[in-house]
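# Structural description and commentary
Residue-level listing of the chains:
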Amino acid sequence: MSNSISPASLHRLLGIARETPLGLDAMCANLRCVLYPARSIPERLERFCEVLIGTMRSLGITAEAYSESVLSSGRFRPGTVILAPGMFSDSELAINRVSTLYNNIIVGIYDEPPPLTADAPPQERLDAIVRRLARDMVHILVYVTRHSWTICTMNGGVVTFDTPLPTRDAVRGTLVPKLTAQVVPPRSEDMDFRHASLQIGSPEFRKIAPDFLGCSRRWASSSYLLTHTSTDGLEYRNDFYRKIVARYLDQRSGMSYGFFARQLPVRVQPALHLERSAPKDTRSMVPVRVGNHTLLVGVPDVRVLTTRSGCRKNSLDIETDLVEIGLENGTAYLKTPAGLPEGSVTRPSFDTLTILAHALGNAFIASILKTLKPGAPFTEILEESGASMTHWHGYPDGSILPEGYFVHGHDNPPVSCSTPQSAAYSLFGKIEALEQALQSGAEYLGDVHVEPNHGTNIVGVLTLEETALLLNRSSRPAVISSGAAAAEDMTAG
């Protein structure tokens, strides 16, 4: 993983806390967990958890006793991961012992096979996982059988290990990132909400909207984006838990996979060589290391037209399903369309921070290319037409990737969407992709960000519809067996 951009710059650009652990060792060092078993658990679960706790401690993870993890109020200390093996009555659920779903990750551990197969269609996976998450009020599911154990996450990720007990490599390389980086959807208070301020009749909107429609039609026959699970159809133990889920999701009506986005054109200034230039005012610039160069790159405002959270990506309504997000003077904002039906709830994508990271990264690359490779097509296209972004929960065959698109992310920890780590990896990875292009002498036209156990972001000069045509020729689901890294056969175009 690259460290081309400093933690201080990440915090300034995207609000990512400086202490956010990005590597596996840092994740282990920062993790604190407690075992909270049901009154009676099967012998297999007891043995599984015994090995799990021992393995965690061997990795430097703090595994506390129950008495050390509970405050005087009887609630778990914020930040503690709660491992909850067994079946609980309503009153004994761990959710009753935390202040909010945002403060603690709760892991349900079950002595049963997962309710889906490795080759289950995406909609079936999403439904099965979200149903159990809502039923037991947990964030992550772990299923234990005689010969294997399986992790299921809120973003539809399914990872199966063909061992009866957790191994050190599996815990460190796969489970720890999922326990460290919690899925937290963007909330209203995290952004400047500008209701009814997106003008869908403007020339700019009308010029771009047909690309979304064409893209949506191209994905209509693909199972990868035929996914939408309504929160109304879930089974809750009581109405109180229903309200907790609604608050956690910021009143979203459902969950779905993926996003489509178009970064709007952005003008950039040439980057400055830090070794050669020493501008007096660097407040609007950040240092970025590219190969042997350290450059000062200007931080422009960025704007992105994207699909709203929970909409049906394969059947878009451009008048209600698109929103504008962006960074303006360092502040994230959301514009919703004017004229929405009364009672409509419009929310930004779970991947909002990642989308903004890609937009900033595109601008940084354009700025760097203006200096290192003047006249580069990517810079000219970004300034005149913008760029497209497509995220789906699958992996493309490396043979179909377009020329000028470079792959990164295979070796990143498998965090979920809507995490600061995912956004940081997006930004770091773009610089890695640019370095690949510069080293090979090829034109940089875009990047393919592989997110292990999750999916893929493909970002660049192709339109959304062109990208959809390309990807629907061949791709495979984001279901990984035995914890293997995703999409190992992918190569740069």
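Our structure's up above, just so we're on the same page.
Every value quoted in this text rests on a predicted model; they were computed, and no experiment measured them. (Residues numbered from 1 in each chain as written. Predicted model: local features only at pLDDT ≥ 70, side-chain atom pairs only at ≥ 80, totals over all residues. Heavy atoms only, no water.)

Let's shift gears to the overall build of the chain. When helices and strands are counted, the chain shows 12 helices and 24 strands. Viewed in the frame of its principal axes, the chain has a C-alpha envelope of about 70 × 50 × 45 Å. Counting all 493 residues of the chain, 57% fall into the buried class. Put simply, 76% of the contacts in the chain that link residues at least 6 apart link residues at least 24 apart. Summing over all exposed atoms, the chain offers an accessible surface of approximately 19400 Å²; the carbon and sulfur share of this is 48%. Computing the positive centroid from 46 side-chain charges and the negative centroid from 51, the chain places the two 3 Å apart. (Helix = DSSP H or I, 4+ residues; strand = E, 2+ residues; numbered from the N terminus. Buried < 20%, exposed > 50% of the residue type's maximum accessible area, 1.4 Å probe, protein only. Contact = heavy atoms within 4.5 Å. Areas by Shrake-Rupley, 256 points an atom, 1.4 Å probe, with all protein chains shown as cover. Lys, Arg positive; Asp, Glu negative; His and termini not counted. Charge placed at Lys NZ, Arg CZ, Asp CG, Glu CD.)

With that settled, the discussion passes to the sheet that holds strand 8 (residues 192–198). With mixed pairing, the nine strands of this open sheet are ordered in space as 8-17-16-15-11-18-22-21-20. Pairing within the sheet leaves two strands with one partner each, and these edge strands are strand 8 and strand 20 (405–408). Averaged over all adjacent pairs, the angle separating strand axes in this sheet is 20°, with direction ignored. Where strand 21 (residues 446–451) and strand 22 (residues 455–460) come together, six bridges link them in antiparallel fashion. Across the sheet, the residue bridging to Val 450 is Thr 456, located in strand 22. Where helix 11 (residues 420–440) meets the sheet, its contacts fall on strand 20, strand 21 and strand 22, and the angle it forms with strand 20 comes to roughly 130°. (Pairing = 2+ DSSP bridges. Axes fitted to C-alpha atoms, helices over the stretch in contact; angles between N-to-C directions.)

What follows is about the nonpolar core. One finds Leu 14 and Ile 109 to be the most contacted residues of the largest nonpolar core, which totals 86 residues. Among the nonpolar cores identified, the runner-up in size contains 41 residues, and Tyr 102, Met 137, Val 158 and Phe 350 belong to it. (Core = buried A, V, L, I, M, F, W, Y, C linked by side-chain atoms within 4.5 Å.)

A few words now on helix 8 (residues 239–248). Of all the positions in helix 8, only Tyr 241, Ile 244, Val 245 and Tyr 248 are classed as buried. Considered in projection along helix 8, the buried side chains sweep an arc of 95° and stay on one side of the axis. Within helix 8, the exposed residues directed more than 90 degrees away from the buried face are Lys 243 and Arg 247. The backbone nitrogen of Phe 240 lies 3.1 Å from a side-chain oxygen of the residue at the head of helix 8, namely Asn 238. (Arc of directions from axis to C-beta. Polar contact = N/O pair within 3.5 Å; in protein donor to acceptor, adjacent residues only side chain to side chain.)

The tally for this structure, following the rule as stated, stands at 26 salt bridges. Where Glu 64 meets Arg 77, a salt bridge forms, and the shortest distance between an N and an O atom there is 2.4 Å. Here the residue Glu 64 occupies a position in strand 2 (residues 62–64), and Arg 77 occupies one in the loop between helix 4 (66–69) and strand 3 (81–85), the gap between them amounting to 13 residues. The exposure class of Arg 77 is partly exposed, given its relative accessible area of 29%. Taken together, the shared-partner salt bridges connect Asp 90, Glu 112, Arg 132, Asp 136 and Arg 237 into one network. (Salt bridge = Lys/Arg side-chain N within 4 Å of Asp/Glu carboxyl O.)

Turning next to the packing of helix 3 (residues 43–58) against helix 6 (residues 168–180). Packing of helix 3 against helix 6 brings their axes to within 10 Å, and their N-to-C directions diverge by 85°. By the angle between their axes, helix 3 is roughly perpendicular relative to helix 6. Here Leu 52, Thr 55, Met 56 and Ser 58 of helix 3 come into contact with helix 6, specifically with Arg 168, Val 171, Leu 175 and Leu 179. Looking at the contact of helix 3 with helix 6 residue by residue, the classes come out as five nonpolar, two polar and one charged. (Parallel < 35°, antiparallel > 145°, perpendicular 65-115°, else oblique. Nonpolar A, V, L, I, M, F, W, Y, C, P; charged D, E, K, R; others polar.)

The largest bend along helix 6 measures about 30° and falls at Thr 174, with the proline Pro 177 one to four residues further on. Within the span of helix 6, buried status applies to Ala 170, Val 171, Thr 174, Leu 175, Val 176, Pro 177, Lys 178 and Leu 179. (Bend = angle between axes of the 7 residues up to and from the residue.)

Right, let's talk about the sheet that holds strand 12 (residues 272–273) for a bit. A sheet is described by the order of its strands in space; here three strands give the open sequence 12-14-13, paired in antiparallel fashion. What marks the edges here is a single partner per strand, and that holds for strand 12 and strand 13 (285–290). Where helix 9 (residues 352–372) meets the sheet, its contacts fall on strand 12, strand 13 and strand 14 (293–298), and the angle it forms with strand 14 comes to roughly 120°.

Under the criterion given, the structure shown has 12 aromatic pairs. A centroid spacing of 6.2 Å and a plane angle of 15° characterise the contact between Tyr 36 and Tyr 66, whose relative ring orientation is stacked. Of this pair, Tyr 36 sits in the loop between strand 1 (32–35) and helix 3 while Tyr 66 is found in helix 4, placing the two residues 30 residues apart along the sequence. Assessed through its relative accessible area of 8%, Tyr 36 is described here as buried. Taken together, Tyr 36, Tyr 66, Phe 76 and Phe 88 form an aromatic cluster joined through their ring pairs. The ring of Tyr 110 has Arg 132 lying over it, and the distance from NZ or CZ to the ring centre is 4.0 Å. Sitting over the face of the ring of Tyr 333, Arg 194 holds its NZ or CZ atom 4.4 Å from the ring centroid. (Phe/Tyr/Trp six-rings, centres within 6.5 Å; stacked < 30°, edge-to-face > 60°. Lys NZ or Arg CZ within 6 Å of the ring centre and 35° of its normal.)

Given the relative accessible area of 12%, Glu 64 is considered buried. Among the polar contacts made by the side chain of Glu 64, one reaches the side chain of Arg 77 at a distance of 2.4 Å. Beyond its immediate sequence surroundings of up to four residues, Glu 64 is in contact with Arg 32, Cys 33, Val 34, Leu 35, Ser 69, Arg 77 and Thr 80.

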